[in-house]
Amino acid sequence: MNSPDASRFRLVIFICLFFSGLTSLVYELVWIRQLTLVIGGTLYAVSAALCAFMGGLGAGAWGVSKFLAERESWLNRLGPVKAYGALEGLIGLYALAFPYALEGLSGLYPWFLEVSQGSEKALRFCEFGMSVVLLAPATCLMGASLPLIGSWAVEDRADSLLSQVSLLYGLNTFGAVAGCLFAQFVGIKYFGVQGATYLAVALNLLIFATCFCLPVSNRAATTPLPGYAKPLDDLEGEGEAGGRLQILLLGLFAFSGFVALASEILWTRILVFPLGSAIYSFALILAAFLFGIALGSLTANRIFGSSNLVVKFLALELAVGLYGLGILPAFDSLHDWIRQADRLFYDLENTATRTLAVRSVFAFGLMLLPTFGFGLLFPLANRIHLPLFKTVGQTLGKSYAANTLGSVLGALAAPFFLIPVFGIRGALFAINAILILLSALGLALFIKRKPLRRSIGFAFGILALLGVWFGSPLTVSTQEFGRGNFSRTEFNVKSDQLRLLDYKEGDFSTLSVVEDRATQARTLYVDGFSTATVSNSIGGSAYMQAMGFLPMALHPDPKRALTICFGTGNTMGAVAGFPGVQVDGVEIDRNVLSMAHWFKQWNREVLSQPNARMFVQDGRRFIRWSKETYDAITLEPMSPVQAGVNNLYSREFYELAAQRLADDGIMMQWLPLHLVGPEDARMIIKTFQSVFPHTTVWNSFLTRIVLLVGSRQPTPIDKNRFDQLMKYPQVAKMAREIGMYSFLDFMDFFIADGAALTGALEPIPIITDDRPFLEYSLTALVPPYTWQTDASFLNLLRHRAGRFPSLLNVSPGEKESLKKGYQLRTAQRFAVFSRRYQGPGREFFEMKNYRAGMEEIRKSLEQAKGGWIQIQNGRWTQ
């Protein structure tokens, strides 16, 4: 196969293998995304989907080696290249069918809920089974591809196995890197989930057509695979690895798969602190992980040569373990590095490119060397396992399967066992320490040292492990930021002004509670993201309580309410404080609930209230499969631009929420203008309004948080309802805490009716599960600045000028008085921005002539004829 035609043929097949890796990663990311819409995004659900995918790869690799070894004649009649092409074609066809298969199996989920009878373990088992049924057909085919094409490339020469597997696995994994970057940066962003899938399917079908259209006369296309059917003869020099050592080597390779996937999860849990939880960050982490493996595999043949492979394999395993231990002390400096990265992120000169570059330094800096080692191991392991399995097909298939089995176990052990028992640093220490000890054992068996020398070697290894253990704290500590923890603080606040009250490395996320020593304000951090801050200052936690107060006060007689996302518990506590209300809460991470006692002063110890009950579930899954009906639903998820949160802002989610509402039910959605860009804010409003025909926009005066209220029916502000509620001491106290001392104060929360926004929202797209626009917001890479947030708010506030909310049970005299007060409040709101940005009426507002200033505002808005208010160079423009 050294002729020019054969070389060109091999080049074509290698290119196909690259694109096979690309499509496989696209499918993995897309299918897990789609599957979690059904079974939820909990740790258990994601783990079930991931393990089912990886398990299918391993099963396919093992199955093809066994199946084709027993059916050599069938394979040789078809030809190995055509067989590979057929597999790729089948994968593409299944990808087209996947959404329909998912929809079909989704119909069984209510039955799973019924059969499990409230047992979480039983439901998880059903979810795992569902994942296996959906993913196994395609992933088994994917797993079979590499052993099949590898046996064709190696032919019957053992000495070419290392070089060929090095090339094939490297190309395939580089394709996976490209697939990750394409899916997360380009495909889903510009073409949607479905469009990205269709592009991957087109590539699969192109590979199929290429493999079947290549000249049949070419020997490369039809060469039999003796490596599948017959043991290879040229195994000289490898027999020195005895039977026990061969089993140990295979087990060590499987354990390296365990270490690789467990480390990826543990490293990801660390990297979210400097990188954040945006889709771009996770894409960089996965790409860096795969890039190191691909580069290692591609260079393995050049690095190792063809001699002393067993010693090199064991030494490499040892080196990977030593690096895993050696990097642990560096994590003590991570807190300071994060603060430096934050300074760059919030710098006024920051760009998206710079953010990606800084985050890439963190991801590649941590993972490149160890993943390069993992990549070197794969082709090397296949070569040294050849004496154990005898044939190329058996070696490629079963080695791959063993490594993948270890990866599956690592993916399960890291979140469910290692982190809860040892913590993140302790888990990294444990798995790398075991890797070092197993590698040392293998070297001792292979080199056959004398007992004394062997004992000295192990004693040295144990001393090295103890040195790392005592050199860097591996147990969790709250004494100092960054020392024994991965806590995060704001870069513009000195650490000595803060106190770390609590810290927990849970199975799902890393949590911390930080207190400001001066103000006693407390902040809950989830994976380094500031989810909520509460304090006793004016407006300190107003928006969270307002999210509970508003829907309960607007509804004429609420009996059942639902709050999705617990956070500090303030919103749920506010809802539970209303008389006669039963409230359900949904939180995806049970460890968040363990932090609630730090905020009991503000959340009213809601978890112990008799009218409140909690469900530890994914909010999207709960809404979809619950049979309950609610009078009010409040929703306060993480930042809208974080990965996965789009599922709680999409049209499909709002449609599911509407099904859970009573006919007169009210939906409340928070809109954090300081976390999203102007276009993002308009998309959220338009999407919300597309489901809830009667949408209104609300805001408390002292916050940049907008609240969306949606319903099927109009929701006028009822004065009698408000006055009645103020007779309850706990409700009146809550109202005062959010600055609501009168009915006029309640009215002042109202900003605009959704109908007034329709024209401004017309050109804006709607957020869907297929087009998750929020995940690709520029604000994930460049934060919105204060002036952008103010511009977003102004473009909502503009629709309040000259308008008055709908009221009930107000006499004509009261209405006239309230109208004057409301107009004054409107003018005062505009005055803040006019003075800040030299806007219309600034001179009058500075003299507190609000009527004249508001008249200038109206003239400006009329002249603009609906144009969007902008703030440029610190000035209000239209």
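Since we're looking at a predicted model, the values are computed, not measured. (Residues numbered from 1 in each chain as written. Predicted model: local features only at pLDDT ≥ 70, side-chain atom pairs only at ≥ 80, totals over all residues. Heavy atoms only, no water.)

### A look at the overall build of the protein chain
Point 1. The secondary structure content of the protein chain amounts to 32 helices and 16 strands.
Point 2. Its C-alpha atoms give the protein chain a radius of gyration of 31 Å, near enough to 29 Å, the size a compact globule of 878 residues would have.
Point 3. Relative to its full complement of 878 residues, the protein chain shows a buried share of 60%.
Point 4. In the protein chain, of all internal contacts separated by at least 6 residues, the share reaching a separation of at least 24 is 79%.
Point 5. Per element, the accessible surface of the protein chain, about 34,400 Å² overall, is 59% carbon and sulfur.
Point 6. For the protein chain, the distance from the average site of its 76 positive side-chain charges to the average site of its 66 negative ones is 2 Å. (Helix = DSSP H or I, 4+ residues; strand = E, 2+ residues; numbered from the N terminus. Rg over C-alpha atoms; globule rule 2.2 N^0.38 Å. Buried < 20%, exposed > 50% of the residue type's maximum accessible area, 1.4 Å probe, protein only. Contact = heavy atoms within 4.5 Å. Areas by Shrake-Rupley, 256 points an atom, 1.4 Å probe, with all protein chains shown as cover. Lys, Arg positive; Asp, Glu negative; His and termini not counted. Charge placed at Lys NZ, Arg CZ, Asp CG, Glu CD.)

### Side note on the layout of surface pockets
Point 1. Reported here for the second largest pocket is a volume of approximately 790 Å³.
Point 2. Around the second largest pocket, the lining comprises 29 residues; the ones closest to its centre are Leu-113, Leu-123, Phe-615, Gln-617 and Arg-621.
Point 3. Listing elements by their share of the lining of the second largest pocket, those giving two or more residues are α2 (43–70), α5 (109–116), α6 (120–154), β7 (612–616) and α22 (619–625).
Point 4. Considered class by class, the residues forming the lining of the second largest pocket number eleven nonpolar, seven polar and eleven charged. (1 Å grid on protein atoms, 1.4 Å probe; cavity = no way out; pocket = protein on both sides within 12 Å on 5 of 7 lines; lining within 4 Å. Points joined across faces, edges and corners; volume = space filled by probe spheres on them. Nonpolar A, V, L, I, M, F, W, Y, C, P; charged D, E, K, R; others polar.)

### Quick notes on empty space enclosed by the protein
Rolled over the atoms, a probe with the dimensions of a water molecule shows which regions are left empty.
Point 1. Applying the stated rule across the entire model yields eight cavities of 30 Å³ or more.
Point 2. The space that makes up the second largest cavity amounts to roughly 50 Å³.
Point 3. Around the second largest cavity, the lining residues are Leu-673, Pro-678, Ala-681, Arg-682, Ile-685, Ser-792, Asn-795, Leu-796 and Trp-868.
Point 4. Looking at the lining of the second largest cavity, the element that brings in the most residues is helix α24 (residues 678–691), giving four residues.
Point 5. Residues belonging to the lining of the second largest cavity are distributed by class as follows: six nonpolar, two polar and one charged.

### What to know about the pattern of salt bridges
Point 1. Scanning all chains against the criterion turns up 27 salt bridges.
Point 2. Here Arg-604 and Glu-737 are joined by a salt bridge, their closest N and O atoms 2.9 Å apart. Separated by 133 residues along the polypeptide, Arg-604 in the loop between α21 (600–603) and β7 and Glu-737 in helix α26 (residues 729–737) bring together distant segments of the chain.
Point 3. Given a relative accessible area of 24%, Arg-604 falls into the partly exposed group.
Point 4. Residue Glu-737 is classed as partly exposed on the basis of its relative accessible area of 34%.
Point 5. For Glu-737, the salt bridge is made with Lys-733, and the minimal N-O distance between the two is 2.6 Å. One end of the pair, Glu-737, and the other, Lys-733, are both in helix α26, four residues apart, so they sit about a helical turn from each other.
Point 6. Residue Lys-733 is classed as partly exposed on the basis of its relative accessible area of 44%. (Salt bridge = Lys/Arg side-chain N within 4 Å of Asp/Glu carboxyl O.)

### Let's talk about the environment of Leu-498
Point 1. Here Leu-498 lies in strand β1 (residues 498–505).
Point 2. Leu-498 sits 346 residues away from Phe-844 along the chain, and the two C-alpha atoms are 42 Å apart.
Point 3. Residues contacting Leu-498, with those up to four places away along its chain left out, are Phe-481, Thr-489, Val-493, Val-514, Glu-515, Asp-516 and Arg-517.

### Topic: unusual backbone geometry
Point 1. Even without glycine at this site, Gln-520 takes up a positive phi of about 65 degrees.
Point 2. Structurally, Gln-520 can be placed in the loop between β2 (510–516) and β3 (522–526).
Point 3. Here Gln-520 falls in the partly exposed class, since its relative accessible area comes to 41%.
Point 4. Non-glycine residue Gln-838 carries a positive phi angle of around 55 degrees.
Point 5. Inspection of the secondary structure assignment puts Gln-838 in the loop between α30 (812–837) and α31 (842–846).

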